[in-house]
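# Geometric and topological summary
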Amino acid sequence: MDQHHFHKQLDYIIVGQGLVGTWLSYYALQAGKTFVVVNDSQTPAASTVASGVINPVTGRRIVQTWMIDTFLPYALKAYSDIGQQLNKTIVKEAPVVLIHPSAQMQESFEYRYHHDNVYLQKNNAADFEAFMHTPLGTGQINQSIWIDLNSMLTGWRQKLINHQQYLDERLDADDIKINNKGVEWKGIHAKRILFSDGIGSMQNKYFKGLSFAPNKGEALIVEIKDLPNQAIYKHNLSIVPWKDQLFWVGSNYEWQYEDAKPSSAFRTKIETALAQLLKIPFTVIEHLVGIRPANQERRPFVGMHPVYSAIGICNGMGTKGCSLAPYFANALIAHCENGTPIHPEASLERFKLSLL
């Protein structure tokens, strides 16, 4: 696209059009602001490998995830709204059927079911015995939702292109010029630039002081013709409806990895686990891989740079990106426009010293 469209002063340059960049541009639009999204479509994004599941409880102890009472209703409304704008149904409420993989997990479920239980429900293992081995029984998590991220991200990108608000290009932070009106990049002037470019921010001179701890995620797209696609299934792996009779199966988190390529060890591990779990045939169609911009403390990085106040970031969502992205993208735009404070556990303030 011709850069000259952008010679006028914009409110924002948004870097990246994964999950977070999509939400930043959505809320900038809601606020009536002008912007361009600069996205390098050649970089493998974490959003492309994400399952799209928002699950209110997590882990071996089956505990509620951080601030889920706030994030879940917020996300449900936000994804429904963006879906309406795109004329697509991108939100499905789908329970998570737990196929207990070990006695310990079965006990955790039983304990949590009787203590502080909000989301758990008993179900009948016999309902699943036609498709799966369920020797230790089953349980269920309600109020989980599944987002068709693929439709959402491609639909939103097309909308941005149609409105000449999208550039497919790599933005190098070294090319940014800071002036008293904000920033300038390749002839485009803006009051602020917001980075939501995943692991790209790790090489960014303004933000490399942040405690990023990227992890590699992989998943398989698997055809399982006889498996009902109204639920998400969780054993030692997750099986998530993708489209038609295709399911997303994964995912692993590798903190130590050599490259961003699909690993045959992962594929073998998942195929073996599926063969042990399922009683019905399946076929692997595709192998996805992405690098997530996670961090040690598992809380996002949201805010403006302590020295360069026109440069901001919304990143580090890790594995909970689906539930966190709309809330914190909105928080950053509200902070920029109205000075609304950002939640202290996510705010960039906590890294002030390492960014000076």
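Everything discussed here concerns the structure shown above.
Residues numbered from 1 in each chain as written. Predicted model: local features only at pLDDT ≥ 70, side-chain atom pairs only at ≥ 80, totals over all residues. Heavy atoms only, no water.

Let us look at the pattern of salt bridges. On inspection of all chains with the given rule, the structure shows eleven salt bridges. Where K191 meets D11, a salt bridge forms, and the shortest distance between an N and an O atom there is 3.0 Å. With K191 in strand β14 (residues 188–195) and D11 in strand β1 (residues 9–15), this pair connects stretches of sequence that are 180 residues apart. Judged by relative accessible area, which is 41%, K191 ranks as partly exposed. One salt bridge connects D116 with R112, and the closest N-O pair in it is separated by 3.4 Å. (Salt bridge = Lys/Arg side-chain N within 4 Å of Asp/Glu carboxyl O. Helix = DSSP H or I, 4+ residues; strand = E, 2+ residues; numbered from the N terminus. Buried < 20%, exposed > 50% of the residue type's maximum accessible area, 1.4 Å probe, protein only.)

Assignment of secondary structure puts S347 in the loop between α6 (321–338) and α7 (352–355). What makes S347 buried here is its relative accessible area of 9%. Those residues in contact with S347 that sit more than four places away from it in its chain are V302 and I342. (Contact = heavy atoms within 4.5 Å.)

For the rest of this paragraph, the subject is the packing of aromatic side chains. Geometry of an aromatic ring pair is reported as the spacing of the ring centres plus the angle between the planes. One pass over the structure, following the stated rule, counts 16 aromatic pairs. Ring centres 5.2 Å apart and planes at 75 degrees place the aromatic pair Y206 and Y308 in the edge-to-face group. Residue Y206 is found in the loop between β14 and β15 (215–223), and its partner Y308 is found in the loop between β20 (301–304) and β21 (311–315); the two are separated by 102 residues along the sequence. Classification of Y206 by relative accessible area gives buried; the value is 8%. A relative accessible area of 35% means that Y308 is categorised as partly exposed. Between F212 and F301, the ring centres sit 4.9 Å apart and the planes meet at 80 degrees, which makes this aromatic pair edge-to-face. Of the two residues, F212 is situated in the loop between β14 and β15 and F301 in strand β20; the sequence distance between them amounts to 89 residues. For F212, a relative accessible area of 11% translates into the label buried. When the ring centre of Y113 is taken as origin, the NZ or CZ atom of K122, which lies over that ring, is 4.7 Å away. (Phe/Tyr/Trp six-rings, centres within 6.5 Å; stacked < 30°, edge-to-face > 60°. Lys NZ or Arg CZ within 6 Å of the ring centre and 35° of its normal.)

This next bit is on the sheet that holds strand β9 (residues 138–141). Ordered in space as β8-β9-β7-β16-β17-β18-β15-β19, the eight strands form an open sheet in which the pairing is mixed. Of all the strands in the sheet, just β8 (120–121) and β19 (283–292) have a single pairing partner and so form its edges. Direction of pairing for strand β16 (residues 232–234) relative to strand β17 (residues 238–243): antiparallel, over a ladder of two bridges. Bridged to K234 within β17 is S238. In the packing of helix α5 (residues 264–277) onto the sheet, contacts are made with β7 (96–99), β15, β17, β18 (246–250) and β19, and the angle to β15 comes to roughly 45 degrees. (Pairing = 2+ DSSP bridges. Axes fitted to C-alpha atoms, helices over the stretch in contact; angles between N-to-C directions.)

A few words now on the nonpolar core. Counting residues in hydrophobic clusters, the biggest one holds 65 residues, and the most contacted among them are W23, L24, I54, Y79, I147, F328 and L332. For this core, the leading source of residues is α6, giving nine residues. With sequence-adjacent residues up to four places away left out, W23 is seen in contact with A78, Y79, I82, M152, A325, P326 and A329. Among the nonpolar cores identified, the runner-up in size contains 26 residues, and L167, V183, Y206 and L210 belong to it. (Core = buried A, V, L, I, M, F, W, Y, C linked by side-chain atoms within 4.5 Å.)

By the element assignment, N124 lies in the loop between β8 and β9. The spacing of N124 and T138 is 14 residues in sequence and 7.0 Å in space, taken between C-alpha atoms.

Moving on, we get to the environment of L149. Along the polypeptide, L149 turns up in helix α4 (residues 149–162). Residue L149 is classed as buried on the basis of its relative accessible area, which comes to 4%. When the C-alpha atoms of L149 and L332 are compared, they prove to be 21 Å apart, with 183 residues separating the residues in sequence. What L149 contacts, discounting residues up to four positions off in sequence, is L19, S47, A50, G52 and C322.

Compared with the 27 Å implied by 1.5 Å per residue over 19 residues, the 26 Å span of helix α2 (residues 68–86) between its first and last C-alpha is a close match. After α2 finishes, the residue N87 shows a positive phi value of roughly 55 degrees. (Expected span 1.5 Å × (residues − 1).)

This part takes up the pairing of β9. Taking every second residue as pointing to the same face, both faces of β9 are buried, with T138 and Q140 on one and G139 and I141 on the other. In this sheet, β9 lies alongside β7 in antiparallel orientation, the contact comprising four bridges. Bridge pairing in β9 places L98 opposite G139. In terms of strand pairing, β8 meets β9 through two bridges, oriented antiparallel. Note that in β9 the partner of Q121 across the bridge is Q140.

Let us look at helix α1 (residues 19–30). End to end, α1 covers 17 Å across twelve residues, agreeing with the expected 16 Å (1.5 Å per residue, within 8%). Within the sequence span of α1, burial applies to L19, V20, G21, T22, W23, L24, S25, Y26, Y27 and A28. Two residues or fewer past α1, G32 is found with a positive phi of approximately 75 degrees.

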